[in-house]
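Structural description and commentary
The residues making up each chain are set out below.
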Amino acid sequence: MRWLVGWSSIAASFGTAGRVSGQGTGQGTARATPGAYGASDAYGPSGGRDSAANGRGPYGDRTRGGIADAAHPDDPAAQDADRTVHPVGAQLLWGDPDPLWAVGDWRPDEIRTVTADPADPFTRLAVLGCCGATDAELRRALYAARGGALRHLTQWSGSYTAVVQAGRRITVLGDLAGARPVFYTPWAGGTAYATAALPLADLIEAQLDVGHLAALLACPDSPEALGDGTPYAGVKRIPPGHTLILREGSREITGYEPVASLAVATPEADAERAVEGVREALVDAVRARLTAPRHAPETVVPDPGPVPGMGPADRRAARGAPAPGVGADLSGGSASATLALLAAGMPGAPGTIPGSGSRLLAVTFNDLATPQGREAELARAHAIAADPRLHHVVVAAADEALPYAELDGPLTDEPGPSLVVAARERRRLAAGSADHFVGHGARQVLDAHPARMADLLMDRRRRHLLRPVAALARSASASGESLLVPLTVYSAARRLARTPYRAGIEAAAARLREGAVGGNVSSAVDASLAALTWSRPGPAAAWLTGEALAEVSIRLGAAAGRPPLSLRPGEARARSVLTRHAADHRVFEQAVEVRSQRLHAPFLDNQVVRAARALPESLRVQPGARAAILRSVLAATGVRELPPGWGVTEHAPNETATRLGLRAALQELLALFAAPLLADAGLIEARVVRQALLDAADGRPVPLDGLAELVSMELWLRRLLARRGTCWTGTSTPRRRAVPVLDTPLGRLAPGVPLRLRPAAPDHLRRPADR
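Residues numbered from 1 in each chain as written. Predicted model: local features only at pLDDT ≥ 70, side-chain atom pairs only at ≥ 80, totals over all residues. Heavy atoms only, no water.

**Description of the overall build of the protein**
Helices and strands together make up the secondary structure of the protein, namely 26 helices and 21 strands. Here the protein, with 771 residues, has 56% of them falling under the buried criterion. A separation threshold of at least 6 residues defines the contact pool for the protein, and within that pool the share at least 24 residues apart is 77%. In the form shown here, the protein has an accessible surface area of approximately 30700 Å², with 54% of it arising from carbon and sulfur atoms. (Helix = DSSP H or I, 4+ residues; strand = E, 2+ residues; numbered from the N terminus. Buried < 20%, exposed > 50% of the residue type's maximum accessible area, 1.4 Å probe, protein only. Contact = heavy atoms within 4.5 Å. Areas by Shrake-Rupley, 256 points an atom, 1.4 Å probe, with all protein chains shown as cover.)

**Structural notes on the pattern of salt bridges**
Throughout the structure, instances matching the rule amount to 35 salt bridges. Arg112 is the salt-bridge partner of Asp135, the closest N and O atoms lying 2.8 Å from each other. In this pair, Asp135 sits in helix α2 (residues 135-146) while Arg112 sits in strand β5 (residues 111-117), placing the two residues 23 residues apart along the sequence. Overlapping salt bridges bring together Arg452, Asp459, Arg461, Arg568 and Glu617 as one network. (Salt bridge = Lys/Arg side-chain N within 4 Å of Asp/Glu carboxyl O.)

**Brief notes about the nonpolar core**
Within soluble globular proteins, side chains that are nonpolar generally end up buried alongside one another. In this structure, Tyr232, Tyr404, Phe603, Leu669, Leu683 and Leu710 are the most contacted members of the largest nonpolar core, which totals 163 residues. No other element matches helix α26 (residues 704-721), which puts 11 residues into this core. Here Tyr404 is in contact with Val420, Thr658, Gly661, Leu662, Ala665, Leu669, Leu704, Leu707, Ala708 and Val711, once residues within four sequence places are set aside. (Core = buried A, V, L, I, M, F, W, Y, C linked by side-chain atoms within 4.5 Å.)

**A short note on the pairing of strand β10 (residues 190-194)**
Here β10 lies mainly inside the structure; 5 of its 5 residues are buried. Inspection of the sheet shows strand β1 (residues 3-9) paired to β10 by 5 bridges, in the antiparallel sense. Paired with Trp7 across the strands is Ala192, a residue of β10. Pairing analysis gives 5 bridges linking strand β9 (residues 183-187) to β10, with the strands arranged antiparallel. By the bridge assignment for β10, Pro186 is matched with Thr191. (Pairing = 2+ DSSP bridges.)

**Observations concerning helix α16 (residues 524-531)**
Side chains three or four residues apart in an α-helix point the same way, a direct result of the helix having 3.6 residues per turn. Buried within α16 we find Val525, Ser528 and Ala531. Along α16, the residues classed as buried sweep out an arc of 130° about the axis, all on the same side. Against α13 (466-475), α14 (485-497) and α18 (569-591) lie the buried residues of α16. (Arc of directions from axis to C-beta.)

**Thoughts on the environment of Asp175**
With respect to the helices, strands and loops of the structure, Asp175 is situated in the loop between β8 (169-173) and β9. For Asp175, a relative accessible area of 6% puts it in the buried group. Taking C-alpha positions, Asp175 is 8.9 Å from Thr243, a pair spaced 68 residues apart along the chain. Apart from the residues within four sequence positions on either side, Asp175 is in contact with Arg180, Pro181, Pro240, Gly241, Tyr256, Leu604 and Asn606. Polar side-chain contacts of Asp175 include one of 3.2 Å to the backbone nitrogen of Arg180. (Polar contact = N/O pair within 3.5 Å; in protein donor to acceptor, adjacent residues only side chain to side chain.)

**As for the sheet that holds strand β11 (residues 236-237)**
The antiparallel open sheet is built from 6 strands, whose spatial order is β3-β4-β1-β10-β9-β11. Looking at strand neighbours, the two that pair on one side only are β3 (90-94) and β11, the edges of this open sheet. Here 4 bridges tie β3 to strand β4 (residues 100-103), and the two strands are oriented antiparallel to one another. Looking across to β4, one finds that Gln91 is bridged to Ala102. Across the sheet, helix α3 (residues 197-204) is in contact with β1, β9 and β10; its angle to β9 comes to roughly 10°. (Axes fitted to C-alpha atoms, helices over the stretch in contact; angles between N-to-C directions.)

**Quick notes on the sheet that holds strand β7 (residues 158-166)**
Note on sheets: strands pair through backbone hydrogen bonds, and any given pair is parallel or antiparallel. One open sheet holds the 6 strands; their spatial order is β5-β6-β7-β8-β12-β13, and the pairing between them is antiparallel. Only two strands of the sheet have a single partner each, and these edge strands are β5 and β13 (250-255). Averaged over neighbouring strand pairs, the angle between their axes works out to 15° when direction is ignored. Sheet analysis places strand β12 (residues 242-247) next to β13, joined by 6 bridges and oriented antiparallel. What sits directly across from Leu244, in β13, is Ile253. Each of β5, β6 (120-131), β7 and β8 touches α2; the most contacted strand, β5, lies at about 55° to it.

**Here's the deal with the state of the cysteines**
Every disulfide links exactly two cysteines, by a covalent bond between their sulfur atoms. All told, the structure shown has 0 disulfides when counted by the stated rule. The thiol of Cys130 is unpaired, and the distance to the nearest cysteine sulfur, on Cys131, comes to 7.7 Å. (Disulfide = S-S within 2.5 Å.)

**Focus: the side chain of Ser334**
Mapped onto the elements of the fold, Ser334 is located in helix α8 (residues 334-345). Look past the residues within four positions of Ser334 in its chain and what remains in contact with it is Arg626, Leu630, Trp646 and Gly647.

**Considerations on unusual backbone geometry**
Positive phi values are uncommon outside glycine, yet Ala188 reaches one of about 55°. Within the element layout of this structure, Ala188 appears in the loop between β9 and β10. You can call Ala188 partly exposed: its relative accessible area is 28%. Unusually for a residue other than glycine, Glu406 sits at a positive phi of about 55°.

**Side note on the packing of α8 against helix α21 (residues 625-636)**
At their nearest, the axes of α8 and α21 sit 10 Å apart, and the two run at 10° to each other. When the axis of α8 is compared with that of α21, the two are roughly parallel. Seen from α8, the contacting residues are Ser334, Ala335, Thr338, Leu341 and Leu342; seen from α21, they are Arg626, Leu630, Val633 and Leu634. (Parallel < 35°, antiparallel > 145°, perpendicular 65-115°, else oblique.)

**Let's talk about the environment of Ser712**
Turning to its location among the elements, Ser712 is positioned in helix α26. Take Ser712: its relative accessible area is 1%, and that puts it in the buried class. Separated by 293 residues in sequence, Ser712 and Leu419 place their C-alpha atoms 5.5 Å apart. At a separation of 3.4 Å, a polar atom in the side chain of Ser712 contacts the main-chain carbonyl oxygen of Pro417.

**Quick word on the packing of helix α6 (residues 271-290) against helix α19 (residues 606-613)**
To describe two helices that pack against each other, one gives the angle between their axes and the distance between the axes. It is the contact of α6 with α19, at a shortest axis distance of 8 Å, that shows an interaxial angle of 170°. The orientation of α6 relative to α19 falls into the category roughly antiparallel. Note on element contacts: α19 touches α6 through Gln607, Val608, Ala611 and Ala612, opposite Gly277, Val278, Ala281, Leu282 and Ala285. Residues of the contact of α6 with α19, tallied by class, amount to 7 nonpolar, 2 polar and no charged. (Nonpolar A, V, L, I, M, F, W, Y, C, P; charged D, E, K, R; others polar.)

**Brief notes about the pairing of β6**
The buried count for β6 comes to 10 of 12 residues, which makes it a mostly enclosed element. Bridging between β5 and β6 involves 6 bridges; their strand directions are antiparallel. Residue pairing across strands places Ile111 opposite Leu128, the latter belonging to β6. The hairpin formed by β5 and β6 contains 2 residues between the paired strands. As defined by bridge partners, β6 adjoins β7 across 9 bridges and the pair is classed as antiparallel. From the neighbouring strand, Arg124 faces β7, where its bridge partner is Gln165.

**Description of the packing of aromatic side chains**
Enumeration over the complete set of coordinates arrives at 7 aromatic pairs. Put simply, the rings of Trp7, Trp101, Trp187 and Trp728 touch in pairs and so form one group of aromatic residues. (Phe/Tyr/Trp six-rings, centres within 6.5 Å; stacked < 30°, edge-to-face > 60°.)

Structure below.
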């Protein structure tokens, strides 16, 4: 896991590993622990502020630092200690008084720092990640950011995090989707920030926020329930599209993206120009990855030699090492195919590894355990792979790659439903390249959320609803209720358009208190009707206890009085769904991480998200809009021949593979929920979840995605509590890792020790099954 971390303190000098010669207590030059690519001084000199030789800063206080000082101010060993605190395995980008580190296996070209003037070393910019800006553009942007302009720092192609230092002012910019979040926490008279929440939890020795875990299960795509919290108490997250500004420890969170918050009609955007903007943004996003230096993967295990039935690529994938060069998923869908064809059609960049070839490696996964139902998709993938610029690799797997197989895995920063399919996805990605494109986020960025129909009604554009409503009616024609679908959908959209934000959130809170969390969604019409609301329960909410649902309802009620970024229901719901998907993609990257490999999701880049938001709603709500947009993107780049059926939307996941995986891992899952930590926290009843697992394995209608969220969170909790060590070092007192056990005023969270989320709720707040 790669992350950056730093802090801003009120003191002008602070005891860290960023001290330079002649500062602090007169100690010599201190260095951070060398990272994956050498010592920190390879990225420029460390900065610092003068302090007296006796170790006293300009504020008169002796400069002490360290997490022990902050968390245990009465510790006798911390009274006179002059700490040197730094993350484990970090490389220092700049030092005191506001240090910044990069932690993890960053590539050298992924860390770029520029200084405005050699005579002013405290005005500088750090960009971490894949950024398409040149050094001259970075320097010009730093001059503008020094005066307070920030939005231009988010307009370059690629996916990156930017940190600006102008004197004692530190500015950290998050992205629009939320795939590169920024976290912060009060610490040592100031604020510490990072792009991962777990290191900050280690820094302050935070405990678990059980209320946030309940909201994550009950309403995962409702920012009103989640707020700015994280699974760790005291660690906060800045919203997407916002910046964290620190001035000598004080903090401010402000947005850099203009948002129209009034529900008023706006002029219809030009559809052709908007699609052209999406094409330019997507091409630039792909080009930014291709123009970056190529990297050869580190071969951990040597090739054992020829194996019957296995080629060199198969043997390399079996050893877990990606191929050199650039690759992409090729599932047969429109998103992955677009990225593969765009990347294959661009000219090669300088620095290509000799002998690796110029063809793009396209990877298709073939599930041998469930061959039925995906024949057309695989046929489209093979037809697209006939392009001579693509080298096609098919990864075939059977029962060993089913969901819920190999539940052991790495600890991620946060829980996510991808933990149950990590082994399946890692097997596919191991056959890919060192730089691998994935089509994640295309549906959330380009498609129209069903609540967009309410926005069209608010703008009096009813005629644009004819085609989407007719498509829903055709999908329900098999059940014989197609005649009632148009009226039902129109009534639900009209009701949402006339429901104010506060009333909609309060109604959602009332539903949770009453236990009306819905059931299984069986058709596209049911999914659209369920989405036509300001907030809806998640698929796992049906298994939460009444106390947990009551706690989440209190969160929703408190948020009802705070207006959202947009008062248009469709726009607000689309933003929240994109934020949730971006957070899940980040967990996915950490769970399936292959050494020396980078996953690239261009659809989640700032410029692509910004260009997609300019698409008119009347275009987005039409059936097949995403396929039409991507077809226009490919046509403008010279790709005009696509296989029949390209762009067909697959609404339902492969339930057959999920149920087969549940049956194969049923005993392990039942043992997992024999004494679950979620039950100790008062979130679920273990017997209810065990029965749901049995029902799902038997083929009964059960929300399978809800079960995946429950299993993933239970796995994440067990990995977190079994963790040893900490992200920090450099203190003289023994360090305790974050969340060794969950200590709360109500008890301790450990296997076999019951802990309720809150006192038992009154009978009118509890569901009949819990009374």
